[in-house]
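Structure assessment
Letter by letter, the chains look like this.
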Amino acid sequence: MPLMRIDVIKGHDETYLKKMLDVAYEVQLDTFHTPKGDRYQILTQHEPVEMQILDTGLGIERTKDVVFFNLVTRPRTTKDKQAFYQKLADRLHGELGIRKEDFIVSLAPNNDDDWSFGNGEAQFLTGKL
């Protein structure tokens, strides 16, 4: 059950943004083996000054198309994480032309008792999920 937050710089049209969300969801289904309908995505657009994304000393040049993905998710294997990073970068590059240098991901693991999907319940713990 990943919660996917995506940050971009303003200026992209709705079709581009929808495609980005769809691709990210499809890669999530494929690499994290989540059930269909397990889709929690929040996309935020920012003014250029609001996203200062440097290179951490790697010599990576960023453009106005930089995309930052932050996922809160159950613990995943290293293999699944690497597959997610690679497949998402490949598809965003191939389908939207996003440079792989402009693609950043951060995963924050959490556990079943860290989720409530409504009604003040922890559905993973009660067996409803």
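The following refers to the structure shown. All values reported here derive from a predicted model rather than from experimental measurement.

What counts, and at which threshold
- Residues numbered from 1 in each chain as written.
- Predicted model: local features only at pLDDT ≥ 70, side-chain atom pairs only at ≥ 80, totals over all residues.
- Heavy atoms only, no water.
- Buried < 20%, exposed > 50% of the residue type's maximum accessible area, 1.4 Å probe, protein only.
- Salt bridge = Lys/Arg side-chain N within 4 Å of Asp/Glu carboxyl O.
- Helix = DSSP H or I, 4+ residues; strand = E, 2+ residues; numbered from the N terminus.
- Contact = heavy atoms within 4.5 Å.
- Polar contact = N/O pair within 3.5 Å; in protein donor to acceptor, adjacent residues only side chain to side chain.
- Expected span 1.5 Å × (residues − 1).

The next point concerns unusual backbone geometry. If you check the backbone angles, His 33 has positive phi at about 55° while not being a glycine. The exposure class assigned to His 33 is exposed, which follows from its relative accessible area of 58%. One non-glycine residue, Thr 56, lies in positive phi territory at about 55°.

A few words on the pattern of salt bridges. All told, the structure shown has 13 salt bridges when counted by the stated rule. Linking Glu 95 and Lys 19 is a salt bridge whose minimum nitrogen-to-oxygen distance equals 3.0 Å. Here the residue Glu 95 occupies a position in helix H2 (residues 78–96), and Lys 19 occupies one in helix H1 (residues 14–32), the gap between them amounting to 76 residues. With a relative accessible area of 35%, Glu 95 lands in the partly exposed category.

Here we take up the environment of Thr 34. Note that Thr 34 resides in the loop between H1 and strand S2 (41–46). Residues Thr 34 and Pro 2, spaced 32 residues apart in sequence, show a C-alpha to C-alpha distance of 8.5 Å. Discounting residues that sit within four places of it in the chain, Thr 34 has contacts with Met 1, Pro 2, Gln 28, Leu 29 and Arg 76. A polar contact is formed between the side chain of Thr 34 and the side chain of Gln 28, at a distance of 3.0 Å.

We now examine H1. The first and last C-alpha atoms of H1 sit 26 Å apart over 19 residues, in line with the 27 Å expected at 1.5 Å per residue. For H1, the capping residue at the N-terminal end is Asp 13, with a side-chain oxygen 3.1 Å from the backbone nitrogen of Thr 15. In the stretch just after H1, His 33 is the one whose phi turns positive, near 55°.

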